[in-house]
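# Chains, contacts and geometry: an overview
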Amino acid sequence: MINVLFAARSERWDTYEAPLRAAFAKARLDVDLRTEFAPEEVDYIVYAPNSEVQDFTPYTRCKAVLNLWAGVEAITGNETLTQPLARMVDPGLTNGMVEWVTGHTLRHHLGMDRHITGQTGEWVVTTPPLARERRVTILGIGALGASCAHALTGLGFPVTGWSRSPKDVSGITCLHGDDGLKQALETADILILLLPDTPATQNVINAEALSRMPKGAFIINPGRGPLIDDDALIAALDSGQIAHATLDVFRVEPLPADHPFWAHPKVTVTPHIAAETRPETASEVIAENIQRGEAGQPFLNLVDRARGY
Ligand SMILES: NC(=O)c1ccc[n+]([C@@H]2O[C@H](COP(=O)([O-])OP(=O)(O)OC[C@H]3O[C@@H](n4cnc5c(N)ncnc54)[C@H](OP(=O)(O)O)[C@@H]3O)[C@@H](O)[C@H]2O)c1
């Protein structure tokens, strides 16, 4: 019997219990799944960073902590966590992110706001460029960024991706390093941020980076709030350097009611809804990782604590 502690917030139990049990049965895992165990009896912890479990010291036989979220910045600094930590790479979450990113990219590319908010009674005909004439840059071409890049190249957008390590992704111009970032920004008619929040990525979009982008560019941030220097972005929006920013994530969430982003005419705020973990598909990922752990195989999607993602 494998003891699995569900340690995400209690209100998530109703959503996850049935899909997890179904996924364990499908994977032929003999699991005792509960929300409470004596810590020394737990083999795996299904986790979320806002869980009440913050001290992992008593979980002496735990083989892995399996996070339900893709972002791990709130856990990587926890020194009591010495067990392997897997982040969530969920096909359902990835689909959601691809749809959200594609939708907001097309909104800006096609200038949809002109007609959605501009029903003035005036018949003004404008023709947007084709996707092939609009360059998209994605910072972060991991699980989410690469999937978004494929969807956007499928629509005809020329896509440049930037990552920490050199990459070779078919159909995408891949860049890395400081010089690569400069080049990636210079061709970013639409800039999409899908980097994790680490000390190395914070404020990557600062005043200098914004000044490198083509005038009138768009920014879409479903990554993490600290990637952007908020004041520098507001200055770039006010000067017209950046035409619009669609922001899903913020330094403080919920975004405080008095934050200037709410009232700014060139900012769209969405409440961290770009991509949710989907219980059915995520449960299968968790079952697969437990299966691997039991078979002595390496876990999938392990977090490198030194890199911070
Ligand atoms: N808004 C939402 O609803 C939502 C939902 C899910 C996730 N997210 C965010 O999306 C982020 C990305 O998720 P993911 O699953 O795609 O992560 P991932 O697979 O780990 O990919 C991260 C990418 O960022 C690159 N990167 C990391 N540090 C870098 C640096 N210092 N310089 C340049 N590139 C760097 C990585 O480069 P390498 O390929 O070289 O490692 C990789 O390409 C998550 O961390 C989370 O913050 C948001």
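Described in the following lines is the structure provided in the data block. (Residues numbered from 1 in each chain as written. Predicted model: local features only at pLDDT ≥ 70, side-chain atom pairs only at ≥ 80, totals over all residues. Heavy atoms only, no water.)

### Some words on the nonpolar core
Test applied: Here, nonpolar core means buried Ala, Val, Leu, Ile, Met, Phe, Trp, Tyr and Cys residues that are tied together by side-chain atoms lying within 4.5 Å of each other. Buried residues are those whose accessible area, probed at 1.4 Å on protein chains only, stays under 20% of the maximum for their type, while exposed residues exceed 50% and partly exposed ones sit between those limits. A run of DSSP states H or I qualifies as a helix once it reaches four residues; a run of E qualifies as a strand once it reaches two. Both are numbered from the N-terminal end. Contact criterion: two residues are considered in contact whenever any of their non-hydrogen atoms come within 4.5 Å of each other.
Formed by 32 residues in total, the largest nonpolar core has its most connected members in Ile205, Ile219 and Leu233. Residue assignment for this core shows that the elements contributing at least two residues are helix H5 (177-186), strand S9 (190-193), helix H6 (207-212), strand S10 (217-221), helix H7 (230-239), strand S11 (242-247) and strand S12 (267-269). At 5 residues, H7 tops the list of elements feeding residues into this core. In this structure Leu233 touches Leu210, Ile219, Ile228, Ile242, Ala245, Leu247 and Phe261, once residues within four positions along its chain are discounted. Membership of the second largest hydrophobic core comes to 27 residues, among which are Ala27, Ala64, Leu66 and Ala86.

### Quick notes on the packing of helix H1 (residues 10-26) against helix H9 (residues 279-294)
Heads up, the rule is: In this description, a line fitted to the C-alpha atoms serves as the axis of each element, helices being fitted only across the stretch in contact, and the angle between N-to-C directions of two axes falls anywhere from 0 to 180 degrees. Orientation is classified from the angle alone, with under 35 degrees giving roughly parallel, over 145 giving roughly antiparallel, 65 to 115 giving roughly perpendicular, and any other angle giving oblique. Take the far helix as the reference: if the near one is turned anticlockwise from it by less than a right angle, the crossing is left-handed, and if turned clockwise, right-handed. Residue classes follow a fixed rule: Ala, Val, Leu, Ile, Met, Phe, Trp, Tyr, Cys and Pro count as nonpolar, while Asp, Glu, Lys and Arg count as charged, and any other residue, Gly among them, counts as polar.
Across the interface, H1 lies against H9 with an axial gap of 8 Å and an inter-helix angle of 45°. By the angle between their directions, the pair H1 and H9 is classed as oblique. Considering the relative orientation of H1 and H9, their crossing is right-handed. Seen from H1, the contacting residues are Thr15, Tyr16, Pro19, Leu20, Ala23, Phe24 and Lys26; seen from H9, they are Pro279, Glu280, Ser283, Glu284, Ile286, Ala287 and Ile290. In terms of residue class, the contact of H1 with H9 is made up of 9 nonpolar, 2 polar and 3 charged.

### Brief notes about the pairing of strand S4 (residues 64-67)
Counted only if it meets this: Pairing between strands requires that DSSP locate at least two bridges from one strand to the other.
On S4, burial covers both faces: Ala64 and Leu66 on one face and Val65 and Asn67 on the other are all buried. With 4 bridges joining them, strand S3 (residues 44-47) and S4 adopt parallel strand pairing. The partner of Val46 across the bridge, within S4, is Leu66. For S4 and strand S5 (residues 85-86), the ladder comprises 2 bridges, and the chain directions are parallel. Its bridge partner lying in S5, Val65 is registered against Leu85.

### Notes on the site of the ligand
Threshold: Each residue is tested against the molecule or strand, and it is near if at least one of its non-hydrogen atoms lies within 4 Å. N or O atoms closer than or at 3.5 Å make up a polar contact, with two conditions inside protein: a donor-capable atom paired with an acceptor-capable one, and, for residues adjacent in sequence, both atoms drawn from side chains.
In the vicinity of the ligand lie 28 residues, with Arg87, Leu144, Ser165, Lys167 and Tyr309 positioned nearest. Here an oxygen atom of the ligand sits 2.7 Å away from a polar atom, N or O, in the side chain of Lys167.

### Re the environment of Ala235
As for its placement among the helices and strands, Ala235 is situated in helix H7. Note: C-alpha distance between Ala235 and Thr127 (108 residues apart in sequence) is 29 Å.

### Points about the pattern of salt bridges
We count it as follows: By definition here, a salt bridge exists when the distance from a side-chain nitrogen of Lys or Arg to a carboxyl oxygen of Asp or Glu is within 4 Å.
One pass over the full model with this rule turns up 14 salt bridges. When salt bridges that share partners are traced, they join Glu186, Glu208 and Arg212 into one network.

### As for the side chain of Asp248
Short version of the rule: Note on charges: Lys and Arg go in the positive column, Asp and Glu in the negative column, and His and the chain ends are not counted at all.
Looking at the secondary structure, you find Asp248 in the loop between S11 and helix H8 (260-263). For Asp248, which is buried and forms no salt bridge, the nearest opposite charge comes from Arg224, at a distance of 6.9 Å. What Asp248 contacts, discounting residues up to four positions off in sequence, is Trp100, Asn221, Pro222, Glu253, Thr270, Pro271, His272, Ile273 and Ala274.

### Points about the side chain of Thr198
With respect to the secondary-structure elements, Thr198 resides in the loop between S9 and H6. Residues in contact with Thr198, not counting those within four places in the same chain, are Arg307, Gly308 and Tyr309.

### Structural notes on the environment of Ala48
Of note, Ala48 is situated in the loop between S3 and S4. A residue is classified by how much of its surface remains accessible, and Ala48, at 4% relative accessible area, is buried. If sequence neighbours within four positions are ignored, Ala48 has contacts with Ala8, Asn67 and Trp69.

### Topic: H9
Quick note on the threshold: To estimate the expected span of a helix, subtract one from its residue number and multiply by 1.5 Å.
Between its first and last C-alpha, H9 extends 22 Å over 16 residues, near the 22 Å set by a 1.5 Å rise per residue. Pro279, Ala282, Ser283, Val285, Ile286, Ala287, Asn289, Ile290 and Gly293 are the residues of H9 that are buried. Residues of H9 that are buried make contact with strand S1 (2-6), H1, S3, S4, S5 and helix H2 (91-110). In the stretch just after H9, Gly296 is the one whose phi turns positive, near 75°.

### A few points about the state of the cysteines
Where two cysteines share a covalent bond between their sulfur atoms, that bond is called a disulfide. The test is simple: Criterion for a disulfide: a pair of cysteine sulfur atoms within 2.5 Å.
Summed over all chains, the structure comprises 0 disulfides. In this model Cys148 remains outside any disulfide bridge; the closest cysteine sulfur is found in Cys174, 14 Å from its own.

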